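# Architecture at a glance
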Amino acid sequence: MGRKQALSRRVSIVGVGLTRQGRHGDADGYALAMQAFRSALDDAGIRDKHRIDGLLGARQFDGSGIDPVLFSRAAGITPSVTGAL
């Protein structure tokens, strides 16, 4: 198989989800992340969240932020790749 054929079999669909910014007494970081996740699925046109095979999160030096493994569990998905930026 040539390189062109191998590359043509790779597919990436990326969606962007946003939430409101600032402090929110009614929602923690994971709740806001879930809102952004649902928005990103809609943006990418993905109806079956189980087709997601990778998820990245963002962690701060102090350990705060979204842990992609914990978030995956909360979202009900089992991606083969997770990571934190």
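This is a predicted model, so every value here is computed, not measured. Numbers given for residues are sequential positions, taken from 1 along each chain in its written order. It should be noted that, the model being predicted, local features are given only for residues of pLDDT at least 70 and side-chain atom pairs only at 80 or more, the latter also being counted only at that level, while totals for whole chains, interfaces and linings use all residues. Only hydrogens and water are set aside; all other atoms, that is, all heavy atoms of the structure, feed into the side-chain values.

With that settled, the discussion passes to helix H3 (residues 68-75). Within the span of H3, buried status applies to Pro-68, Phe-71, Ser-72 and Ala-75. On an axial view of H3, the arc spanned by its buried residues comes to 105 degrees, and they lie on one face. Looking at H3, the residues exposed on the side facing more than 90 degrees away from the buried face are Arg-73 and Ala-74. Contacts are assigned to residue pairs that have any heavy atoms within 4.5 Å of one another. What counts as a helix is a DSSP run of H or I of at least four residues, what counts as a strand is a run of E of at least two, and both are numbered from the N terminus. In this fold, the buried residues of H3 make contact with helix H2 (29-44), strand E1 (54-57) and strand E2 (81-84). Within 3.5 Å is the distance limit for a polar contact, defined as a pair of N or O atoms, with the added protein rule that one can donate a hydrogen and the other accept it, and that residues adjacent in sequence qualify only through two side-chain atoms. In this structure Asp-67 caps H3, since a side-chain oxygen of it lies 2.8 Å from the backbone nitrogen of Val-69. Looking one or two residues beyond H3, the residue adopting positive phi is Gly-76, at roughly 75 degrees. Between buried and exposed lies partly exposed: a residue is buried under 20% and exposed over 50% of the maximum accessible area for its type, with that area taken using a 1.4 Å probe on protein chains only. Note: the arc covers the axis-to-C-beta directions of the helix.

A few words on the side chain of Asp-67. In this fold, Asp-67 is placed in the loop between E1 and H3. At 3.1 Å, the side chain of Asp-67 forms a polar contact with the backbone nitrogen of Leu-70. Apart from residues lying up to four places away in sequence, Asp-67 is in contact with Tyr-30 and Arg-59.

Our focus in this paragraph is the packing of H2 against H3. Axis angle and axis distance: for two packed helices, these are the angle between their axes and the distance between the axes, and together they describe the pair. Between H2 and H3, the least distance of the axes is 11 Å, while the angle of their chain directions is 65 degrees. In terms of their interaxial angle, H2 and H3 are classed as roughly perpendicular. Classified by chirality, the crossing of H3 by H2 is right-handed. Contact residues: H2 offers Tyr-30, Ala-33, Met-34 and Phe-37, while H3 offers Leu-70, Phe-71, Ala-74 and Ala-75. Residue classes follow a fixed rule: Ala, Val, Leu, Ile, Met, Phe, Trp, Tyr, Cys and Pro count as nonpolar, while Asp, Glu, Lys and Arg count as charged, and any other residue, Gly among them, counts as polar. In the contact of H2 with H3, the residues fall into eight nonpolar, no polar and no charged. Axis definition: a line fitted to C-alpha atoms, limited for helices to the stretch in contact. Angles are taken between N-to-C directions and run from 0 to 180 degrees. By definition in this entry, angles of less than 35 degrees are roughly parallel, angles greater than 145 are roughly antiparallel, angles of 65 to 115 are roughly perpendicular, and the rest are oblique. For any pair of crossing helices, the crossing counts as left-handed if the nearer helix is rotated counterclockwise from the farther one by less than a right angle, and right-handed if it is rotated clockwise.

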